[in-house]
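Chain residues, written in single-letter form:
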Amino acid sequence: MKKDTFDKVIAILHSKYPEWDAPAKKSTYDYDRTPFTITISVILSFRTKDEVTQEAGKRLFILADTPEKMLRLSKESIEKTIYPVGFYRKKAQSVLEISRYLIDRFDGKVPNSEKELLKIKGIGPKAAAIILERAFGQNIVAVDTHVHRILNLWGFLNTDTPQSSYEILKALLDDKEKRGLNRLLVAFGQTICRPQRPRCEVCPVQALCPNPSI
């Protein structure tokens, strides 16, 4: 898929986005969204459904919504609070380690650069991108499995991993094109271009897709 076709496809998807009943669009937060709570929520979200992550975050941030408060909690208390998120014991340990690191290195503040975020144990490129986009409003594309899969399905990218997709998109797209692309493609991947049983028959860009299943 060439860039001009990609631009047409994205424009069509943006126009259809309001119609999709996607889990990614149903995020509700009953706590203050700060760089710290967003960072911890991202850690909790890996390999966990959105609704489970949101409820776990709500329970946890009632107890502690800053690094300083978090370190007053025991690992066992955090484990109990965030259960049943996936790998809750490991994530509880990560929550404490990240809180300690932020206090020791950044006076309790979350850094707003990819370079510094990647120095934090437990935060990889995908997590860093999500934090920069959602906590600091930076124009960046967080590449998850949906984004990586769909862009390769279209032939817009030819990459083996989400990380390699991320590196190419950083250089390939301008700031305006990056803005909101993750949310758009995740919602599209959850409702239409599903990894299992894709709904090509109702896809608004089926005519422009080089690999439709119908």
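Residues numbered from 1 in each chain as written. Predicted model: local features only at pLDDT ≥ 70, side-chain atom pairs only at ≥ 80, totals over all residues. Heavy atoms only, no water.

K.L.:
What's the story with the packing of helix H5 (residues 75–82) against helix H6 (residues 88–106) in this structure? I'm lost.
P.N.:
The geometry of a pair of packed helices is captured by two quantities: the angle between their axes and the separation between those axes. At a minimum axis separation of 9 Å, H5 and H6 run at an interaxial angle of 125°. Relative to H6, the element H5 is oriented oblique. As for the relative orientation of H5 and H6, their crossing is right-handed in sense. For the pair H5 and H6, contact is made by Lys-75, Ile-78, Glu-79 and Ile-82 and by Tyr-88, Arg-89, Lys-91, Ala-92, Gln-93, Val-95 and Leu-96, respectively. (Axes fitted to C-alpha atoms, helices over the stretch in contact; angles between N-to-C directions. Helix = DSSP H or I, 4+ residues; strand = E, 2+ residues; numbered from the N terminus. Parallel < 35°, antiparallel > 145°, perpendicular 65-115°, else oblique. Left-handed = near helix turned anticlockwise from the far one by under 90°. Contact = heavy atoms within 4.5 Å.)

K.L.:
Looking at this model, I keep getting lost on the layout of surface pockets. Mind explaining?
P.N.:
If a probe the size of a water molecule is rolled over the atoms, the empty space left behind becomes visible. Considered as a void within the structure, the largest pocket measures approximately 670 Å³ in volume. In this structure, the largest pocket is lined by 26 residues; those nearest its centre are Ser-45, Asp-50, Lys-126, Arg-134 and Asp-144. For the lining of the largest pocket, the secondary structure elements donating two or more residues are helix H2 (35–45), helix H3 (50–63), helix H8 (125–136), helix H9 (145–153) and helix H12 (181–191). For the lining of the largest pocket, the residue count by class is nine nonpolar, ten polar and seven charged. Looking at the second largest pocket, its volume works out to about 270 Å³. As for the second largest pocket, its lining consists of Ile-43, Phe-46, Arg-47, Phe-87, Lys-90, Lys-91, Ser-94, Lys-121 and Gly-122. Counting residues per element, the lining of the second largest pocket draws most heavily on H6, at three residues. (1 Å grid on protein atoms, 1.4 Å probe; cavity = no way out; pocket = protein on both sides within 12 Å on 5 of 7 lines; lining within 4 Å. Points joined across faces, edges and corners; volume = space filled by probe spheres on them. Nonpolar A, V, L, I, M, F, W, Y, C, P; charged D, E, K, R; others polar.)

K.L.:
What is the right way to read the pattern of salt bridges from this model?
P.N.:
When the charged atoms of two side chains lie near each other, side chains of opposite charge can form a pair. Scanning all chains against the criterion turns up ten salt bridges. Residue Lys-121 pairs with Glu-97 through a salt bridge whose shortest N-O separation is 3.9 Å. You can see Lys-121 sitting in the loop between helix H7 (114–117) and H8 and its partner Glu-97 sitting in helix H6, a full 24 residues away along the chain. Using a relative accessible area of 60% as the deciding quantity, one classes Lys-121 as exposed. Residue Glu-97 is classed as partly exposed on the basis of its relative accessible area, which comes to 29%. The salt bridge partner of Lys-170 is Glu-167, with a shortest N-O separation of 3.4 Å. (Salt bridge = Lys/Arg side-chain N within 4 Å of Asp/Glu carboxyl O. Buried < 20%, exposed > 50% of the residue type's maximum accessible area, 1.4 Å probe, protein only.)

K.L.:
Looking at this model, I keep getting lost on H9. Mind explaining?
P.N.:
Since one α-helical turn is 3.6 residues long, residues separated by three or four positions face the same way. Listed as buried for H9 are His-146, Val-147, His-148, Ile-150 and Leu-151. Buried residues along H9 sit in contact with helix H1 (3–16), helix H10 (162–172) and H12. Measuring from the side-chain oxygen of the N-cap residue of H9 to the backbone nitrogen of His-146 gives 3.2 Å; that N-cap residue is Asp-144. The first or second residue beyond H9 is Gly-155, which carries a positive phi of 80°. (Polar contact = N/O pair within 3.5 Å; in protein donor to acceptor, adjacent residues only side chain to side chain.)

K.L.:
Please clarify how the side chain of Thr-37 should be interpreted in this entry.
P.N.:
Within the fold, Thr-37 resides in helix H2. For Thr-37, the side chain forms a polar contact with the main-chain oxygen of Asp-32, separated by 2.8 Å. Those residues within four positions of Thr-37 in sequence are excluded, and the remaining contacts are Tyr-31, Asp-32, Phe-61 and Asp-65.

K.L.:
So what exactly am I meant to see when it comes to the side chain of Asp-144 here?
P.N.:
Looking at the secondary structure, you find Asp-144 in the loop between H8 and H9. The buried charged residue Asp-144 lacks any salt bridge, with Lys-126 as its nearest oppositely charged partner at 5.1 Å. Engagement of the side chain of Asp-144 in a polar contact is seen with the backbone nitrogen of Val-147, the distance being 3.0 Å. Setting aside its immediate chain neighbours within four residues, Asp-144 contacts Lys-126, Asn-182 and Val-186. (Lys, Arg positive; Asp, Glu negative; His and termini not counted.)

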